[in-house]
Amino acid sequence: MAILDFFRPEGRALLINITLSCGIGFMLFGNASRASQSRWTLLTIPGYDQGVFGGLLSNPSFLARFDNPGVTLQGQIVSTYTLGCILGSIIAIFTGDPLGRVKSVMLGCICLTVGGILQATAFTVPHMIIGRIISGLGIGFNTTTIPIWQSETCLKPSLRGRLVAVQLTCLVFGFVLTNWMNFGFTYVTDNEISWRFPLGFQALLAIGTVAFVPFLVESPRWLCLKDRHEEARAVLARLHAKPIDHPDVKETLEIIIETIAEEKADGEIGWREVFHNGRQQTMRRILLGCGANVFQQIGGVNVVAYYLPVVLERSFGFSPRMSLILSAVDSMQWMFWGACTTYVIERFGRKKLMIFGASGCSMCFAVTAIGLSVGTKVSNGVAVAFIFMFYFFFSIAMVTNWVGVYLIVSITPIGIQNLGAHFYIIFAVLNAAFLPFL
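Since we're looking at a predicted model, the values are computed, not measured. (Residues numbered from 1 in each chain as written. Predicted model: local features only at pLDDT ≥ 70, side-chain atom pairs only at ≥ 80, totals over all residues. Heavy atoms only, no water.)

A. Representation of the pattern of salt bridges. Tallying each qualifying case throughout the model produces 7 salt bridges. In this structure, Glu 231 engages Arg 228 in a salt bridge whose closest nitrogen and oxygen atoms are separated by 2.9 Å. Put simply, Asp 248 and Lys 242 hold a salt bridge, and the shortest N to O gap is 2.3 Å. One salt-bridge network, held together by shared partners, links Arg 65, Glu 192 and Arg 196. (Salt bridge = Lys/Arg side-chain N within 4 Å of Asp/Glu carboxyl O.)

Below, the structure written as structure tokens:
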């Protein structure tokens, strides 16, 4: 019986398993790789799959295998992953309801597995780019589907915000994992395993997600949407950990059915209604959701997350090795602050946290720019401290994406090289500009 219970979890155990599966999936999510010029630069990006590539661009064995690609080609190799994410997210809009949540997650993981294998076995640039795009497609599917699946299988609305924060903590854990993995492989940069293993390891994470899914449940709301009410009833019974004829199961099912019936009574929803401010204010909601993600990506997190070793080495004068160590430690404190948001998000609400976080992020970049402009040892130390503080405020603000990622990753190396300290003023101003909208 214990073995059967393990493979057929119910109630709290089922929710934990769904959260764990979603968490592994989110570990693969990242903000694109950091293109580095330093020999020892490692990745410092949330999420494993996309982030792991950044440190490889300074790996001698990797560069030799691909005939030492120039900076422009390196940037394109990195950013094609993001383009795959954009495409995957768009496709998921049209395939999400026909396939369902579970099949969509599995499809995303299959793409990630294939893409990871292609990257790990690549011998030419086109081979690598194809692998990057396929992995990006998988991330696009998963980042669109996983939050929906998690929320639709959580029967307590009060837990949903906290579970989203847990997913983001798992995302940053993937970032921490790649920091230390790539750091270890800097000691064997003359061997191709130093870049093939990290690229292939992401496939294991995707397989880990797929391994959980068959023992979990489909979204009861999606099942009701497809008029599969008896299957939805069985799923709800497992989520409640109660008999299938229990009043709580019946009540939850009736609420879902009634809600869907009301939505259908309003008629077929077309694209015109989606982008129209009618009774449900859908256009306003879309703009709020998209705006929060755009603010997140253009507010400077990609400068810190993608290029922190470069920033520490070029802007602050640290040695390459010390830059890597500081970046890895910084990633761990980011995960810590991200975990802390799990306990405050429901207490203080989304809006207050975003206003507080955006204000702090603006202050951090402003002080960094001032400190670097002064140029003394003390002022540089203050600037470093506020760069590290940025993750605290960012975690608070953005527990709430892809075009903004592509933009910032493309311009950051040029900005650091040509603007120096003035580059950080851009993000101080942008974060301050977000406040009226929040």
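B. Spotlight on helix α4 (residues 71–99). Taking 1.5 Å per residue as the helical rise, α4 with its 29 residues ought to reach 42 Å, and the 40 Å between its terminal C-alpha atoms agrees with that figure. Ile 93 marks the point of greatest bend in α4, at about 45 degrees. Once α4 finishes, Gly 100 follows within two positions and takes phi at roughly 90 degrees, a positive value. (Helix = DSSP H or I, 4+ residues; strand = E, 2+ residues; numbered from the N terminus. Expected span 1.5 Å × (residues − 1). Bend = angle between axes of the 7 residues up to and from the residue.)

C. Here's a closer look at helix α8 (residues 193–212). Over its 20 residues, α8 extends 29 Å from the first C-alpha to the last, a length consistent with the 28 Å expected when each residue adds 1.5 Å. Along α8, the residues classified as buried are Ser 194, Trp 195, Arg 196, Pro 198, Leu 199, Gln 202, Ala 203, Leu 205, Ala 206, Gly 208 and Thr 209. (Buried < 20%, exposed > 50% of the residue type's maximum accessible area, 1.4 Å probe, protein only.)

D. Just a nonpolar patch on the surface, in detail. Together, Trp 180, Met 322, Ile 325, Val 329 and Met 332 make up a nonpolar patch on the protein surface, roughly 410 Å² of accessible area in all. For the nonpolar patch, the element with the most residues is helix α14 (residues 320–348), which contributes 4 residues. Mapped onto the secondary structure, Met 332 falls in helix α14. (Patch = residues over 30% accessible without salt bridge, like charges linked within 9 Å, V, L, I, M, F, W, Y side chains within 5 Å. Areas by Shrake-Rupley, 256 points an atom, 1.4 Å probe, with all protein chains shown as cover.)

E. Focus on the packing of aromatic side chains. In this structure the tally under the stated criterion is 5 aromatic pairs. Residues Phe 62 and Trp 195 carry aromatic rings whose centres are separated by 5.2 Å and whose planes lie at 85 degrees to one another, so their mutual orientation is edge-to-face. Of this pair, Phe 62 sits in helix α3 (residues 60–65) while Trp 195 sits in helix α8, placing them 133 residues apart in sequence. Since its relative accessible area comes to 0%, Trp 195 is described here as buried. Members of the aromatic cluster, joined through ring pairs, are Phe 62, Phe 66 and Trp 195. (Phe/Tyr/Trp six-rings, centres within 6.5 Å; stacked < 30°, edge-to-face > 60°.)

F. Local environment of the nonpolar core. If you look at the biggest cluster of nonpolar residues, it comprises 57 residues, and the most contacted ones within it are Ile 18, Trp 149 and Phe 390. No other element matches the 9 residues that helix α16 (residues 377–397) contributes to this core. Core analysis: the second largest hydrophobic core is formed by 12 residues, Leu 56, Ala 120, Ala 122 and Ile 129 among them. (Core = buried A, V, L, I, M, F, W, Y, C linked by side-chain atoms within 4.5 Å.)

G. Local environment of unusual backbone geometry. In this model, Asp 67 sits at a positive phi of 60 degrees, which is unusual for a non-glycine residue. Residue placement: Asp 67 occurs in the loop between α3 and α4.

H. Here's a closer look at the packing of helix α10 (residues 229–240) against helix α11 (residues 247–265). Viewed as axis vectors pointing N to C, α10 and α11 meet at an angle of 130 degrees, and their least axial separation amounts to 9 Å. Relative to α11, the element α10 is oriented oblique. Where α10 crosses over α11, the two elements pack in a sense that is right-handed. For the pair α10 and α11, contact is made by His 229, Ala 232, Arg 233, Leu 236, Ala 237 and His 240 and by Asp 248, Val 249, Thr 252, Leu 253, Ile 256 and Ile 257, respectively. In the contact of α10 with α11, the residues fall into 7 nonpolar, 3 polar and 2 charged. (Axes fitted to C-alpha atoms, helices over the stretch in contact; angles between N-to-C directions. Parallel < 35°, antiparallel > 145°, perpendicular 65-115°, else oblique. Left-handed = near helix turned anticlockwise from the far one by under 90°. Contact = heavy atoms within 4.5 Å. Nonpolar A, V, L, I, M, F, W, Y, C, P; charged D, E, K, R; others polar.)

I. Inspection of the environment of Leu 118 at higher detail. Tracing the chain through its elements places Leu 118 in helix α5 (residues 101–120). Judged by relative accessible area, Leu 118 falls into the partly exposed class, the value being 23%. It is 9.2 Å that separates the C-alpha atoms of Leu 118 and Ser 135, two residues lying 17 residues apart in sequence. Look past the residues within four positions of Leu 118 in its chain and what remains in contact with it is His 127, Ile 130, Gly 131 and Ile 134.

J. Spatial organisation of the confidence of the model for the chain. Mean pLDDT for the chain: 76, with 74% of residues reaching 70 or above. Residue range residues 30–46 is modelled with pLDDT below 50. Its contacts to residues more than four positions away, or to other chains, number 105 contacts. (pLDDT = per-residue confidence, 0-100.)

K. Representation of the environment of Gln 76 within the structure. Tracing the backbone shows Gln 76 in helix α4. What makes Gln 76 partly exposed here is its relative accessible area of 37%.

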